[in-house]
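A structural walkthrough
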Amino acid sequence: MVDAHFAKNTEFAMPASSLYKSHENSATNQHEYQDSWIASGKLGSRDAVLVFRTNILNPKTRKSILESALAHEPTNNWTKNEEVQAKAPNTVISSSSSPANGKAPSIYSTQDRIYMSVAKSLTCSQAKKANNSFSSSDVSITSDGDDITLYNEKKPRLQPKNRASSIVKIQVEVNKESGYDSVVVSQSNNTSEEDQEISSEEDNECGVNMPAHRLGITYKFIQTETKLLRKIFNVHGLTEIQDECNFNLLWTGVHLKLDTLRNLAVYQRVNHFPRSYELTRKDRLYKNIERMQHLRGMKYFDIVPQSFILPLESRDLLFAHNKHRGPWIVKPAASSRGRGIFIVNSPDQIPQDEQVLVSKYIVDPLCIDGHKCDLRVYVLVTSFDPLIIYLYEEGIVRLATVRYDRNADNLWNPCMHLCNYSINKYHSDYIRSSDAQDEDVGHKWTLSALLRHLKLQGCDTNLLMLNIEDLIIKAVLACAQTVISACRMFVPNVSNCFELYGFDILIDNTLKPWLLEVNLSPSMGVDSPLDTKVKACLITDLLTCVGIPAYGPEIRSYYDCKNARHRSPSCQRRVETNESSSTLRCSKSKKKPAAMIPLTQEEQRILRSARQQYSRRGGFVRIFPTDDTMQRYGNFLDPASGIPISTPNVQSQSFQTLVTQHNYNQMLHSNLFGANSRSIVDDNREENRINQYERALETNSEIPFLKKQMVEKCEEEGRRLRKQMLKKIGSGSALTHFQARQTFSMYLDAVLRRLTQEPKDSHEKIILKFLNKFGGAVKPPVLFRNNQNIKVVSKARSAMVAKLLGDFLELYKRDTEAYIDSFDHFGMIPTSAYSLFLMHAQESDLEAVLTLHTNITGLMPFLYNRCGLSVPAAPPIPSGLHGFLRALPAMLSSSGVARDVSKYDGYLKSTEKNSESVTDTTARIKVHRDSKKTS
């Protein structure tokens, strides 16, 4: 904790510095650290941020870097300096200082700076004991008054005495080579075949030596895909925590709680803005764009197909259908990955019992070799006020598996009309690219490959990409007003939030782009080397551009303390307008050109942040602001506040009147692109942006596609273990809730694999009937709820059923996590023995165990809670192949699964019931045999 003396010094000893001087220093520092892992400033300064690179993901690259670092151990003179530091631990060390003689050892090369020791900051109490007070040479505070730089020019940069021994001592299990495994600690060593000699310990060594690890930078996940993200974070030295507030980076797949936003410190980053659902919910997005169409004109915002929200706008839909007949696509208002989407010829086929969005279906899409395709482009918004939008240079092109046909009889086929990977991956004809360099092979291309393909066909790709940029900017403008209002109310610092959106865009045969939807948390899952390359580069460039502050624990404690002192209930952004700062700005502005208007402290911070972000942008292309921003979109912005206005303003009723008017968009544009601008951004011109989109994604080294190592199953061992489990169940032992649900999910996984490889009409109907009766969040489309509507057995239908079963399994496995056994229950099968069985069990083994357990106990713990109410009786399950699957629909009541009253936390089986179960076993087996004979 920061003591009172330190806080007092930091608050009142704040020498101001010029913005341009700081910018020049930043450029110098950037050149000095171009090969290191810190950017935008010296380590310990307010602007210092972490650098993320993809080449460190390659095990061979990590090994070569470590060998190079270990080969250049420091000399004896530097070792002695470390011993001096050990005797005097209260010494403040500089991150940019040199040895006493003013010359750094020539042994330090560019590679060595990667693993230079991070300067150890002092706690305030330690510094107070060493020197009763801080002198001006000990603490340098920047002009903003919020950031601290600790340095001592008399002390050299120190290195560990024996790096190899320190690596051995420090164990960081989270950095093991887990092959993008979502489990933090993994017992397996998952490496590619060509990298078998690379040990997983190199992740530990790499992470331990990174500045992020030495500074104690942490991250936290909340309901999101973590495989690739965790891999990148761990090799860069970040540590995962579960704490509610003590994180540096929070990555979540859901909307944030307002209390979390209100309590953010200046160094914390979260990957969502408040009220982002205005852009990511399908119904809200279309309503916001429709509002802009009425306010600004249809010709300016003709970026989405005509849409209606049912059941509220059913009459308008009927009128539009009678005027322009044609198919309509139906989407749930808040869903993702193609769930619940279907196409109809008439509004009469749309159910009226749920809220859906109905849009005009684009019947003439752009096709590649006869297959319909759409785009997934990644858009980064680092700020809404001022608005700063980046578009990543590379995107994903998704192709449908079945060739496109406009015939109305094929509207039911999702593998023809929907390009979602989550649907088409279940089709047996789906082709995955096996090489990251093959960007136009299979059913997933890159955006640059598509542009090159269209250019060879004589298409105007320049106009296409400019229209896509225009579509993205206008979609964000349509939703920005509400997001800005929420940020002013709940976000304490302008740099706390950033957002990566996944824009799904469909191109018609005239090369006009149409916005389909915007994804809140675009999928970071990887299933091919091409996926890995694009998304790994995307994430590393994103984190570097956003900038994770390279602050140590002591500096973070200072900000936490200051944030607690100055936090207001409204959490509105503070803008300093005191007389002293105003006088200082006026005095310094005399040296500037007369045309330059003195900037406030907040404006200086915004301008500096925008310039530094742009210098770290990597593969991101800034599309707003650009040199022609105000000419093209200035009429959509409020002249006083610069905020995009999507509703007619009534005098004295505008939400901006409650806050100070600052046109940050105009200020940023004039300082970046004005006549007197100190920043040259010629590389952001239109032709340069287009060239960047068309070039192939460049990486420094090959990014390995590492799959999770699968345990090789032994059929003979599985049969042996099955006999043991059946014997235990027959003697009275039972499965726990977790064991039963785990077995059931593995069994359905096996059925799912079989559906994608061996389509069988009878099994598809069984699964559809089961999902229809189950209900809940997984609902088959209307055309699939009646099995008689589709009589043709095809690969596309099997893929559709597999998609529904996959969605069910995803939710089922998530619910299973609540049933994990913490100890072996009395009368139950031991956990270790059953885990071994599951490791080698085949589909037939799992089915045999589930069948015998259900017939003997009469319970279905894989579907119902034992303590639940209205649980139906277990039906008799016939023995033999697929007998359990045929009986599956009969296990559910006609009204769906009865919801459990309370969570199951285990129970102890009494000895009396245990003894009675042995006698009941023979009776149940006899009844089962009799029923089999009669059938």
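Residues numbered from 1 in each chain as written. Predicted model: local features only at pLDDT ≥ 70, side-chain atom pairs only at ≥ 80, totals over all residues. Heavy atoms only, no water.

**Description of the overall build of the protein chain**
Looking only at helices and strands, the protein chain features 34 helices and 20 strands. Across the 935 residues that make up the protein chain, the buried fraction comes to 55%. Nonlocal contacts in the protein chain, meaning residues at least 24 apart in sequence, comprise 76% of its contacts between residues at least 6 apart. A total accessible area of about 41500 Å² is found for the protein chain, and carbon and sulfur atoms account for 51% of it. (Helix = DSSP H or I, 4+ residues; strand = E, 2+ residues; numbered from the N terminus. Buried < 20%, exposed > 50% of the residue type's maximum accessible area, 1.4 Å probe, protein only. Contact = heavy atoms within 4.5 Å. Areas by Shrake-Rupley, 256 points an atom, 1.4 Å probe, with all protein chains shown as cover.)

**A word on the packing of helix α26 (residues 715-730) against helix α31 (residues 831-840)**
Following both chains from N to C, one finds α26 and α31 inclined at 140°, their axes separated by 8 Å at the closest point. Relative to α31, the element α26 lies oblique. Between α26 and α31 the crossing geometry is left-handed. Contact with α26, carried on its side by E717, G718, L721, R722 and M725, involves A833, Y834, L836, F837 and H840 of α31 and no other residues of that element. (Axes fitted to C-alpha atoms, helices over the stretch in contact; angles between N-to-C directions. Parallel < 35°, antiparallel > 145°, perpendicular 65-115°, else oblique. Left-handed = near helix turned anticlockwise from the far one by under 90°.)

**Some thoughts on the sheet that holds strand β8 (residues 269-270)**
Pairing in this open sheet of four strands is parallel, and the strands run β6-β5-β7-β8 from one edge to the other. Because the sheet does not close on itself, it has two edges, and the strands there are β6 (239-240) and β8. Pairing geometry for strand β5 (residues 218-222) and β6, over two bridges, is parallel. Within β6, the position partnered with Y219 by the bridge is E240. (Pairing = 2+ DSSP bridges.)

**Topic: the sheet that holds strand β11 (residues 342-344)**
Read across the open sheet, the four strands follow the order β9-β12-β10-β11; overall the sheet is antiparallel. Both edges of this open sheet fall to β9 (307-310) and β11, since each of them pairs with a single strand only. Each adjacent strand pair in this sheet contributes to an overall mean axis angle of 30°, direction not counted. Taken together, the four bridges between β9 and strand β12 (residues 356-360) define a ladder with antiparallel strand orientation. Within β12, the residue paired with L310 across the bridge is V356. Running at roughly 145° to β9, helix α14 (residues 314-323) makes contact with β9, β10 (328-332) and β12 of the sheet.

**Looking at the pattern of salt bridges**
Between side chains of opposite charge, a pair can form as their charged atoms come close. Counted according to the given criterion, the structure contains 37 salt bridges. Two residues, D531 and K444, come together in a salt bridge whose shortest N-O distance is 2.9 Å. Taken as a pair, D531 in helix α19 (residues 529-546) and K444 in strand β17 (residues 444-446) lie far apart in primary sequence, 87 residues in all. There is no split in this pair, since D531 and K444 are both buried. Here E469 ties to R689 by a salt bridge, and the two come within 3.0 Å at their closest N and O atoms. Taken as a pair, E469 in helix α18 (residues 461-490) and R689 in helix α25 (residues 686-694) lie far apart in primary sequence, 220 residues in all. Neither residue differs from the other here; E469 and R689 are each classed as buried. (Salt bridge = Lys/Arg side-chain N within 4 Å of Asp/Glu carboxyl O.)

**Regarding the nonpolar core**
Grouped together as the largest cluster of nonpolar side chains are 73 residues, with contacts concentrated most on L375, F384, I389, I472, Y501, F503 and L515. Take this core: its biggest share by element is 18 residues, from α18. Look past the residues within four positions of L375 in its chain and what remains in contact with it is I396, V397, R398, L447, L450, I468, F503, D504, I505 and I507. Among the nonpolar cores identified, the runner-up in size contains 58 residues, and I343, L804, Y834 and L838 belong to it. (Core = buried A, V, L, I, M, F, W, Y, C linked by side-chain atoms within 4.5 Å.)

**Digging into α26**
The terminal C-alpha atoms of α26, which comprises 16 residues, lie 22 Å apart, in line with the 22 Å expected from a rise of 1.5 Å per residue. Within α26 the residues assigned to the buried category are G718, L721, M725 and I729. Along the axis of α26, the buried positions cluster into a sector of 80°, meaning they face one direction only. Residues E716, K723 and K727 are exposed on α26 and point more than 90 degrees away from its buried face. Packing partners of the buried residues in α26 comprise α31 and α32 (843-857). Immediately beyond the C-terminal end of α26, within one or two residues, lies G732, with a positive phi of roughly 115°. (Expected span 1.5 Å × (residues − 1). Arc of directions from axis to C-beta.)

**A word on the packing of aromatic side chains**
The description of an aromatic ring pair uses the distance of the two centres, along with the angle that the planes make with each other. With the rule as written, the count across this model stands at 25 aromatic pairs. Relative to F774, the ring of F770 has its centre 6.0 Å away and its plane inclined at 35°; by these criteria the two rings are tilted. Of this pair, F770 and F774 both sit in helix α28 (residues 761-774), four residues apart, which is roughly one turn of the helix. With a relative accessible area of 15%, F774 lands in the buried category. A centroid spacing of 5.7 Å and a plane angle of 65° characterise the contact between F862 and F884, whose relative ring orientation is edge-to-face. Separated by 22 residues along the polypeptide, F862 in the loop between α32 and α33 (883-886) and F884 in helix α33 bring together distant segments of the chain. Relative accessible area serves as the criterion here: at 0%, F884 is assigned to the buried category. The lysine or arginine in question, R53, covers the ring of W37, its NZ or CZ lying 4.5 Å from the ring centre. A cation over an aromatic ring shows up here: K512 above the ring of W514, its NZ or CZ 4.7 Å from the ring centre. (Phe/Tyr/Trp six-rings, centres within 6.5 Å; stacked < 30°, edge-to-face > 60°. Lys NZ or Arg CZ within 6 Å of the ring centre and 35° of its normal.)

**Some points on the environment of L768**
With respect to the element layout, L768 can be found in helix α28. Looking at L768, the relative accessible area reads 1%, which means it is buried. Between the C-alpha atom of L768 and that of A802, which follows or precedes it by 34 residues, the distance is 9.7 Å.

**Some points on the pairing of strand β20 (residues 620-624)**
Where burial is concerned, most of β20 is hidden: five out of the five residues are buried. With four bridges connecting them, strand β15 (residues 387-392) and β20 associate as antiparallel partners. In the strand pairing of β20, Y392 is matched with F620.

**Digging into the pairing of strand β18 (residues 499-507)**
Burial within β18 is extensive, with nine of its nine residues counted as buried. Every second residue of β18 is oriented toward a common face, with E499, Y501, F503, I505 and I507 on one face and L500, G502, D504 and L506 on the other, all of them buried. Bridge count between strand β14 (residues 371-384) and β18: seven bridges; the pairing is antiparallel. Across the sheet, residue L375 finds its bridge partner in β18, namely I505. Here β18 runs beside strand β19 (residues 513-519); their pairing, made up of six bridges, is antiparallel. Of the residues in β19, the one forming a bridge with D504 is E517. Hairpin connection of β18 to β19: five residues between the antiparallel strands, including L511 at a positive phi of 65°.

**Notes on the packing of helix α17 (residues 447-456) against α18**
Orientation of α17 relative to α18, taken along the N-to-C sense of each, is 140°, at an axis distance of 10 Å. On the basis of the axis angle, α17 is oblique to α18. Residues L447, L451, L454 and K455 of α17 form the contact with α18, whose own contacting residues are T461, L464 and M465. Partitioning the contact of α17 with α18 into residue classes produces five nonpolar, one polar and one charged. (Nonpolar A, V, L, I, M, F, W, Y, C, P; charged D, E, K, R; others polar.)

**Regarding the side chain of E843**
Its location among the elements puts E843 in helix α32. In this structure the side chain of E843 is engaged in a polar contact, spanning 2.9 Å, whose partner is the side chain of R754. What E843 contacts, discounting residues up to four positions off in sequence, is Y747, A750, V751, R754 and H882. (Polar contact = N/O pair within 3.5 Å; in protein donor to acceptor, adjacent residues only side chain to side chain.)

**Here's the deal with the environment of L668**
Relative to the elements of secondary structure, L668 occurs in helix α24 (residues 664-673). Separated by 280 residues in the primary sequence, L668 and I388 place their C-alpha atoms 9.7 Å from one another. Among all residues touching L668, those that are not within four sequence positions of it are P386, I388, L607, A610 and P625.

**Some words on unusual backbone geometry**
Cis geometry marks the peptide bond from D385 to P386, where omega comes out at 5°. Tracing the chain through its elements places P386 in the loop between β14 and β15. Here the bond from F624 into P625 is cis, since omega is 0°, no more than 30 degrees from zero. Within the secondary structure layout, P625 lies in the loop between β20 and α23 (629-633). The phi angle at L511 is positive, at roughly 65°, despite the residue not being glycine. Counting through the fold element by element, L511 comes out in the loop between β18 and β19. When its relative accessible area of 16% is taken as the criterion, L511 is described as buried. One non-glycine residue, H882, adopts positive backbone phi at about 65°. Its place among the elements puts H882 in the loop between α32 and α33.

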